Amino acid sequence: MADLLEVRDLKIGATAYPPGEPPQDITIVHGVSFTLRKGRVLGLIGESGAGKSTIGLAALAYGRGGVRITGGEVRLDGENILALGGPGIRGIRGSRVCYVAQSAAAAFNPAHRLGDQVVEAAVRHGSLTRQAAWERSRYLFGVLGLPDPDSFGRRYPHQVSGGQLQRAMTAMALCPGPELIVFDEPTTALDVTTQIDVLAAIKRAIDETHTAALYITHDLAVVAQVSDDIMVLRHGHMVEYGPVQQIIEAPQEDYTRELVSVRQIQKQEAGQQSDARIRIDGVDAAYSNHFKVLHDVSVHVPRGQTLAVVGESGSGKSTLARVITGLLPPSKGAVTFKDETLPPKFADRSKEQLRQIQMLYQMADTAMNPRQTVRDIVGRPLTFYFGLRGQEKTRRVAELLEQIEMGKGFIDRYPAELSGGQKQRVCIARALAAEPEVILCDEPTSALDPLVAAGILKLLMRLQAETQLSYLFITHDIATVRAIADSIAVMYQGRVVRFGPKSQVLSPPFDDYTDLLLKSVPEMRIGWLEEVLATRRMVSAGH
Amino acid sequence: MRWRAVPISAWVGMAGLALAIFCALFAPWIAPFGEREVVGDIWLPMGGDYLLGTDNLGRDLLSRLIYGAQTTISVALAATVLAFCMGVFLSFTAAVVGGWTDQGLSRVNDLMMSIPTLIFALIVLAVLPQELWILVAVIAVLESTRVFRLGRAVALDITVMEFVEAARLRGEGRQWIIFREILPNALSPLLAEFGLRFAFAVLFLSTLSFLGLGIQPPEADWGGIVKDNKDGIIFGIPAALIPGAAIAGLAICVNLVVDWLLNRTSSLKGGRGDG
Amino acid sequence: MPLAALLIQRLALSVLLMLAVSVVIFLGIEALPGDFAQTYLGQSATPQAVANIRQELGLDQPAVTRYFGWLGGVVQGDFGNSWASGSSVSRQIGLRLGNTLFLAFWAALVSVPLAISLGMLAVHYRGRWPDRLINVVSLGAISLPEFFVGYILILFVAVQGNWVTFPSTVYDGMSFGQRLEAIVLPCATLVLVVLAHMMRMTRAAILNVMSSPYVETAELKGLDTLRIIARHAAPNAVAPIITVVALNLAYLVVGVVVVEVVFVYPGMGQYMVDAVTVRDLPVVQACGLIFAAVYILLNMSADILAILANPRLRHPR
């Protein structure tokens, strides 16, 4: 069979604007080549900055922002689309090649009905009449499992949920009957339990319409479910390219091997201990508009152990951290540190009480003052809590930097001069500087690339082993939970639905929600999605 | 920062500003004649002993202009500095303390801003005696409402950042949070705003003087010189246009520099319009 | 329903603001130092004359009583009598408000379409020379004081060119055409002053919409530029542009004050400035209140139109 898409030695550049300096030309993609046959799916995978989205958009001869395609060819059915002029390329976009963006919420025009936007490309390109296009959109809404497909198109984007929008965007891409669709991280912004439905819908739609696809993601487990081939990218270079089976089961390159195995860290569960460091008893909490976010939450974290609090967006897990720190005083219940009940508001707590509980944030970027150096950031708690100054302070900061495996060469750097992983490490050093008993970790790894995240998790575990720190670790990612937890609390709609030692929480019998959550997490093996869907069909047939 | 990255427009602006400030600082030494010295006939043309001609009373226009720079720039600068001290202090307090303090200050500010600046100034100046410090205070209060709006927006943006939360949870006091955490991050938008406010103060002061409500004669200031010489226009004498051009030139120079500053800092909030 | 509630809330807020402004204008003048009767009569007045004049002007009554008396009159369109001339303020305003609105109306009619077109032109040529030219010129133009622009026009167009007459007096019995001719220069000045701001803000508003992800979506659908602008950018750019226009019209109403003085045009602005010079407080209060009211009204219209243009509010969940 002939190749539908042939990308040959693709080079992509952009202009960078470093503040206060003249613009510089940089290269984002350094000569990447691949081919895609009709009806097949190629997964493009890599960390942020790998150039995967840029390559995806190049399949539509499009460069986002100041991005320019500087060399190579993109052949669609033998024709180099990079050489086409404006009208020629407009004839291809939206009719033969379509695009599904990461954030459908932003990609839909808020001023028009979903249906009008879904049929627009097909109607404007003349591939379908208005009526036929609406007919097809209703069919596609059905295939994609959207509620009430006949009237779904009459709604406005803000009237439907995020998962539904993502599926509507897929329908929009499928409507003109394209030969190729570029999926750009279509499920990344979604919760796992929503992701699995969207993933299943996309897979079914691709199968039914025999469209070829480029599927771009940073999640190898996801791409393993939908692709025939996978290309691994890093810093704009191809690392490895081959059939999905080979990449997942017999990777050739070290980098790919690391990507495949990164989720397999497992912490040995510690034995049960009675002396709780933090104890939360029957806590209710509400925001000022009386919207109640926590209902009767009771958990505790033992000394030297990790409690993982897991849940999806809106489950109240971050609110729990705010209650513990005293940013949001609970309306009922109490927070106890060791044996003393903490005042509900942080402003009423003593310096000593504040010192004992430190916090790690998801965005290390915004957690550090960009106008302070590492010395100031890590040194301030030393001065504030222990009165260290001058030489003594510098010595201690250097010591802390050693502890987080960074070395004292970083002491005079500003946060902007650090990588994402280094920033989070400096935040850890700042927390350690206070010599706390407990660190609250609010998704500290979820904004990081998987390999960097794994490094942070290992560091946290090493520090725990050395100093008997207790962690309350908030996350939405089950793999992270497996990696670090001794005990787990599963949160759903503001309640703790399951709490206990890791082995117990992760073994059956499950409650409904935990069951759904665990089964929705993509596993790094081929055919996982089909299995889950088959089980679901069996269950629903059995009812 | 590299000097080569500074665009020509910014250089032009800085050169113009430097010239104006030089005139203001050394007026008595560089002005060829005295501020109030009648040197010749009225409205003498340009050239000869009087580079820019003479004004409606026969005073040397160039000397008036140089002395005018001193008055205009110092009054506008004083008003702007005062406006910033008030606006930044109040807005940061509002953003950091929050609650009723913020509500109260913000509502009063909204009320002040719902009356156009010039109209507000006219009403107040209709009642108050015509004295220099009152003029400075009036301009400063009106300007401070705009500074308050921007300062509060910038400070609120920064207060919700996690490093401020981290400082609060550490137990830091309000002083530390305002001066060590928020202010250093608000400096560049505030600096740009300072430029815009200064340009606006120059225009505003000149407008008031032009209307006869600002600096009182015989002291020279640019708006006042326009007023003195406006009757010459009907006879085709362009003396009134020269101080007008000086005002416009100074404002343009400030805007050029601010425009460059704004392009360098992406995090600026708030509009640049004025009412 | 939430839409109607929002609109009513916005209206109520404006009425409240108006009342608050009237208190500020009235009491602001009251609370400030200085005895007006004294000022009014001059330093040489006898105490008896001062007392008489105080009684005559009603200054001996408590401030609250006078505020409500004044407000009651204002609501019925009675702003009291001028201290300087003793004639009715409302009658003078009746004559002059029309002139001012006439001038502002024509300035708006010229500047709004011109600013929006220039803004669109700048966006269309973004980064190329027409955009840069418009950018540099407008940056210069926002720095020009109104009186400078006005006198340049007078010198070159009226005095040296002799194309139009100066000053721009209008009086009863002038035909519509004559009136239009009289306001050509003040109108042009206002347009020049307000144009640059409005154009820059329009450009920023459109650029903001054009760089949004849904415009990228439209581009990736292979739609032509015209369709992208008309169908995808325009509906979302309407609200910000309306806001820009209303803000600048509010500014225009204030700019009118200086322009009227420059051109000796018999409108509200000149009336107010003259009153301020002789400290004729009833006139200052009346003019201040009317200018503030127009300003608040325009800002309120901007808010309401922006609410109406927002699809999220027009089509609630």
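All of these numbers come straight from a predicted model, not from anything done at the bench.

**Regarding helix 17 (residues 420–433) of chain A**
Residue and element names in this part refer to chain A.
Part 1 of the reasoning: Helix length check: helix 17 (14 residues) gives 20 Å between terminal C-alpha atoms against 20 Å at 1.5 Å per residue, within 8%.
Part 2 of the reasoning: Extensive coverage of helix 17 is indicated by the burial of 12 of its 14 residues.
Part 3 of the reasoning: Those residues of helix 17 that sit buried are Gly421, Lys423, Gln424, Arg425, Val426, Cys427, Ile428, Ala429, Arg430, Ala431, Leu432 and Ala433.
Part 4 of the reasoning: Glutamate 435 sits one or two positions beyond helix 17 and adopts a positive phi of about 50°.

**Remarks on the nonpolar core**
Part 1 of the reasoning: Residues Leu118, Leu122 and Phe210 of chain B together with Phe147, Tyr151 and Met272 of chain C are the most contacted members of the largest nonpolar core, which totals 165 residues.
Part 2 of the reasoning: Sort the elements by how many residues they give to this core and helix 11 (residues 225–263) of chain C lands first, with 19 residues.
Part 3 of the reasoning: Those residues in contact with leucine 118 of chain B, other than ones at most four positions away along the chain, are Phe204, Thr207, Leu208 and Leu211 of chain B together with Val254, Val257 and Val258 of chain C.
Part 4 of the reasoning: Formed by 99 residues, the second largest nonpolar core is a distinct cluster that contains Trp134, Phe141, Cys175 and Met231 of chain A.

**Observations concerning the environment of methionine 112 of chain B**
Residue and element names in this part refer to chain B.
Part 1 of the reasoning: Looking at the secondary structure, you find methionine 112 in helix 4 (residues 99–113).
Part 2 of the reasoning: Separated by 29 residues in sequence, methionine 112 and valine 141 place their C-alpha atoms 9.5 Å apart.
Part 3 of the reasoning: Each residue touching methionine 112, except ones within four places of it in the same chain, is listed here: Phe120, Val141 and Thr145.

**A look at the interface of chain B and chain C**
Think of interface size as the accessible area that goes away when the parts come together; that is how it is often given.
Part 1 of the reasoning: Contacts between the two partners involve 45 residues from chain B and, on the opposite side, 45 residues from chain C.
Part 2 of the reasoning: For the pair chain B and chain C, the summed buried area comes to about 3,800 Å², and 81% of that belongs to carbon and sulfur atoms.
Part 3 of the reasoning: Seen at the junction of chain B and chain C, the total is 3 residue pairs in polar contact (both at pLDDT 80 or more).
Part 4 of the reasoning: Elements with a contribution of two residues or more to the side of chain B that touches chain C: helix 4, helix 5 (117–127), helix 8 (174–210) and helix 10 (241–264) of chain B.
Part 5 of the reasoning: A total of 10 residues in the side of chain B that touches chain C trace back to one element, the largest contributor, which is helix 10 of chain B.
Part 6 of the reasoning: Residue composition of the side of chain B that touches chain C, by class: 31 nonpolar, 9 polar and 5 charged.

**Thoughts on helix 16 (residues 390–403) of chain A**
All names here are of chain A.
Part 1 of the reasoning: Here helix 16 spans 20 Å end to end across 14 residues, near enough to the 20 Å set by a 1.5 Å rise per residue.
Part 2 of the reasoning: The set of residues buried in helix 16 consists of Lys393, Arg396, Val397, Ala398, Leu400 and Leu401.
Part 3 of the reasoning: Along its buried surface, helix 16 packs onto helix 15 (374–386) and helix 17.
Part 4 of the reasoning: After helix 16 finishes, the residue glutamate 405 shows a positive phi value of roughly 65°.

**Examining the pattern of salt bridges**
Residues and elements named next belong to chain A.
Part 1 of the reasoning: Scanning all chains against the criterion turns up 48 salt bridges over all chains.
Part 2 of the reasoning: Between glutamate 443 and lysine 317 there is a salt bridge, with its nearest N and O atoms 3.6 Å apart. Of this pair, glutamate 443 sits in the loop between strand 17 (438–442) and helix 18 (450–467) while lysine 317 sits in helix 12 (residues 317–325); the two residues are 126 residues apart in sequence, bridging distant segments of the chain. Exposure class is identical for glutamate 443 and lysine 317. Each is buried.
Part 3 of the reasoning: Between glutamate 399 and arginine 395 there is a salt bridge whose closest N-O contact spans 3.1 Å. A residue pair is termed a helical-turn pair when its members lie 3 or 4 positions apart in one helix, as glutamate 399 and arginine 395 do in helix 16 at 4 residues.
Part 4 of the reasoning: Glutamate 399 gets classed as partly exposed once you look at its relative accessible area, which sits at 37%.
Part 5 of the reasoning: Residues participating in the shared-partner salt-bridge network are Glu6, Arg8, Glu73 and Arg75.

**Some remarks on the sheet that holds strand 8 (residues 212–217) of chain A**
Residue and element names in this part refer to chain A.
Part 1 of the reasoning: Ordered by their spatial adjacency, 6 strands build an open sheet running 6-7-8-3-9-10, and the pairing between neighbours is mixed. Each having just a single partner strand, strand 6 (97–100) and strand 10 (237–243) make up the two edges of the open sheet. Neighbour-to-neighbour, the strand axes of the sheet open up by a mean angle of 15°, direction not taken into account.
Part 2 of the reasoning: Across 4 bridges, the pairing between strand 6 and strand 7 (residues 180–184) is parallel. Its bridge partner being in strand 7, tyrosine 99 is matched across the sheet by valine 182.

**Observations regarding the packing of helix 3 (residues 61–97) of chain B against helix 6 (residues 132–159) of chain B**
All names here are of chain B.
Part 1 of the reasoning: Here helix 3 crosses helix 6 at 35°, and the two axes come no closer than 5 Å. Judged by the sense of rotation from one axis to the other, the crossing of helix 3 with helix 6 is right-handed.
Part 2 of the reasoning: Residue classes in the contact of helix 3 with helix 6 are distributed as 22 nonpolar, 6 polar and 2 charged.

**Topic: the interface of chain C and chain A**
Part 1 of the reasoning: The interface is formed by 21 residues belonging to chain C together with 28 residues belonging to chain A.
Part 2 of the reasoning: Overall, the association of chain C and chain A removes approximately 2,400 Å² of surface from exposure, summing both partners, and the carbon and sulfur fraction of that is 53%.
Part 3 of the reasoning: Area buried by chain C at its contact with chain A is led by Glu216, Leu220 and Lys221 of chain C, which between them contribute 28% of it.
Part 4 of the reasoning: Linking chain C with chain A are 3 salt bridges, by the criterion used here.

**Comments concerning the confidence of the model for chain C**
Residues and elements named next belong to chain C.
Part 1 of the reasoning: Mean pLDDT over chain C works out to 84, with 93% of the residues at or above the 70 mark.
Part 2 of the reasoning: No element of chain C has a lower mean pLDDT than helix 2 (residues 36–41), at 62, and none a higher one than helix 10 (residues 213–220), at 92.
Part 3 of the reasoning: Two summary scores accompany this predicted model of the complex, namely pTM at 0.84 and ipTM at 0.85.

**Thoughts on the pairing of strand 11 (residues 276–286) of chain A**
Residues and elements named next belong to chain A.
Part 1 of the reasoning: Among the 11 residues in strand 11, 8 count as buried, and that is most of the element.
Part 2 of the reasoning: The pairing of strand 11 with strand 12 (residues 292–302) spans 7 bridges and is classified as antiparallel. By the bridge assignment, isoleucine 278 is partnered in strand 12 with valine 301.
Part 3 of the reasoning: Pairing analysis gives 5 bridges linking strand 11 to strand 14 (residues 332–337), with the strands arranged antiparallel. Residue pairing across strands places isoleucine 280 opposite valine 335, the latter belonging to strand 14.

**What about the domain arrangement of chain A?**
Residues and elements named next belong to chain A.
Part 1 of the reasoning: Taken domain by domain, chain A consists of domain 1 (39–62 + 83–264) and domain 2 (276–507).
Part 2 of the reasoning: For domain 1 versus domain 2, the distance between C-alpha centres works out to 36 Å.
Part 3 of the reasoning: With 10 residues of domain 1 at the interface, the matching set in domain 2 holds 8 residues.
Part 4 of the reasoning: Both faces considered, domain 1 and domain 2 share a buried interface measuring about 910 Å² in area, 55% of it formed by carbon and sulfur atoms.
Part 5 of the reasoning: Counting across the interface, domain 1 meets domain 2 through 0 salt bridges.
Part 6 of the reasoning: Linking domain 1 with domain 2 are 3 residue pairs in polar contact (both at pLDDT 80 or more).
Part 7 of the reasoning: Those elements giving two or more residues to the side of domain 1 that touches domain 2 turn out to be helix 8 (192–209) and helix 11 (254–261).
Part 8 of the reasoning: Top contributing element to the side of domain 1 that touches domain 2 by residue count: helix 11, with 3 residues.
Part 9 of the reasoning: A breakdown of the residues in the side of domain 1 that touches domain 2 according to their chemical character gives 4 nonpolar, 2 polar and 4 charged.

**Describing a nonpolar patch on the surface**
Residues and elements named next belong to chain B.
Part 1 of the reasoning: Taken together, Ile21, Phe22, Leu25, Phe26, Trp29 and Ile30 make up a surface patch of nonpolar side chains, about 640 Å² in accessible area.
Part 2 of the reasoning: Among the elements of the structure, helix 1 (8–25) and helix 2 (27–30) are those that each provide at least two residues to the nonpolar patch.
Part 3 of the reasoning: If one sorts the elements of the nonpolar patch by residue count, helix 1 sits on top with 3 residues.
Part 4 of the reasoning: With respect to the helices and strands, phenylalanine 26 occurs in the loop between helix 1 and helix 2.

**Some points on the side chain of threonine 159 of chain B**
Part 1 of the reasoning: Note on placement: threonine 159 of chain B falls in helix 6.
Part 2 of the reasoning: Of note is the side chain of threonine 159 of chain B, whose polar atom sits 2.6 Å from the backbone oxygen of alanine 155 of chain B.

**Things to note about the environment of isoleucine 42 of chain B**
Part 1 of the reasoning: You can see isoleucine 42 of chain B is positioned in the loop between helix 2 and helix 3.
Part 2 of the reasoning: Isoleucine 42 of chain B sits 86 residues away from leucine 128 of chain B along the chain, and the two C-alpha atoms are 34 Å apart.

**Looking at the environment of alanine 94 of chain B**
Part 1 of the reasoning: Relative to the helices and strands, alanine 94 of chain B is located in helix 3.
Part 2 of the reasoning: Take alanine 94 of chain B: its relative accessible area is 0%, and that puts it in the buried class.

**Some thoughts on the packing of aromatic side chains**
Describing an aromatic ring pair means giving the distance of the ring centres and the angle of the ring planes.
Part 1 of the reasoning: Taken as a whole and assessed by the stated rule, the structure comprises 19 aromatic pairs over all chains.
Part 2 of the reasoning: Centroid distance phenylalanine 105 of chain C to tryptophan 106 of chain C: 5.5 Å. Interplanar angle 85°. Geometry classified as edge-to-face.
Part 3 of the reasoning: A relative accessible area of 46% means that phenylalanine 105 of chain C is categorised as partly exposed.
Part 4 of the reasoning: A relative accessible area of 23% means that tryptophan 106 of chain C is categorised as partly exposed.
Part 5 of the reasoning: Each member of the aromatic cluster is reached from another via a ring pair, and the members are Phe26, Tyr67, Phe68 and Trp70 of chain C.
Part 6 of the reasoning: The aromatic ring of phenylalanine 384 of chain A is capped on one face by lysine 351 of chain A, whose charged end is 4.3 Å from the ring centroid.
Part 7 of the reasoning: In this structure, arginine 380 of chain A packs its charged tip against the face of tryptophan 176 of chain B, placed 3.5 Å from the ring centre.

Parameters at a glance
Residues numbered from 1 in each chain as written. Chains lettered and ligands numbered in written order. Predicted model: local features only at pLDDT ≥ 70, side-chain atom pairs only at ≥ 80, totals over all residues. Heavy atoms only, no water. Helix = DSSP H or I, 4+ residues; strand = E, 2+ residues; numbered from the N terminus. Expected span 1.5 Å × (residues − 1). Buried < 20%, exposed > 50% of the residue type's maximum accessible area, 1.4 Å probe, protein only. Core = buried A, V, L, I, M, F, W, Y, C linked by side-chain atoms within 4.5 Å. Contact = heavy atoms within 4.5 Å. Buried area = accessible area lost by both parts, 1.4 Å probe. Polar contact = N/O pair within 3.5 Å; in protein donor to acceptor, adjacent residues only side chain to side chain. Nonpolar A, V, L, I, M, F, W, Y, C, P; charged D, E, K, R; others polar. Salt bridge = Lys/Arg side-chain N within 4 Å of Asp/Glu carboxyl O. Pairing = 2+ DSSP bridges. Axes fitted to C-alpha atoms, helices over the stretch in contact; angles between N-to-C directions. Left-handed = near helix turned anticlockwise from the far one by under 90°. pLDDT = per-residue confidence, 0-100. Domains from an automatic or database assignment. Patch = residues over 30% accessible without salt bridge, like charges linked within 9 Å, V, L, I, M, F, W, Y side chains within 5 Å. Areas by Shrake-Rupley, 256 points an atom, 1.4 Å probe, with all protein chains shown as cover. Phe/Tyr/Trp six-rings, centres within 6.5 Å; stacked < 30°, edge-to-face > 60°. Lys NZ or Arg CZ within 6 Å of the ring centre and 35° of its normal.

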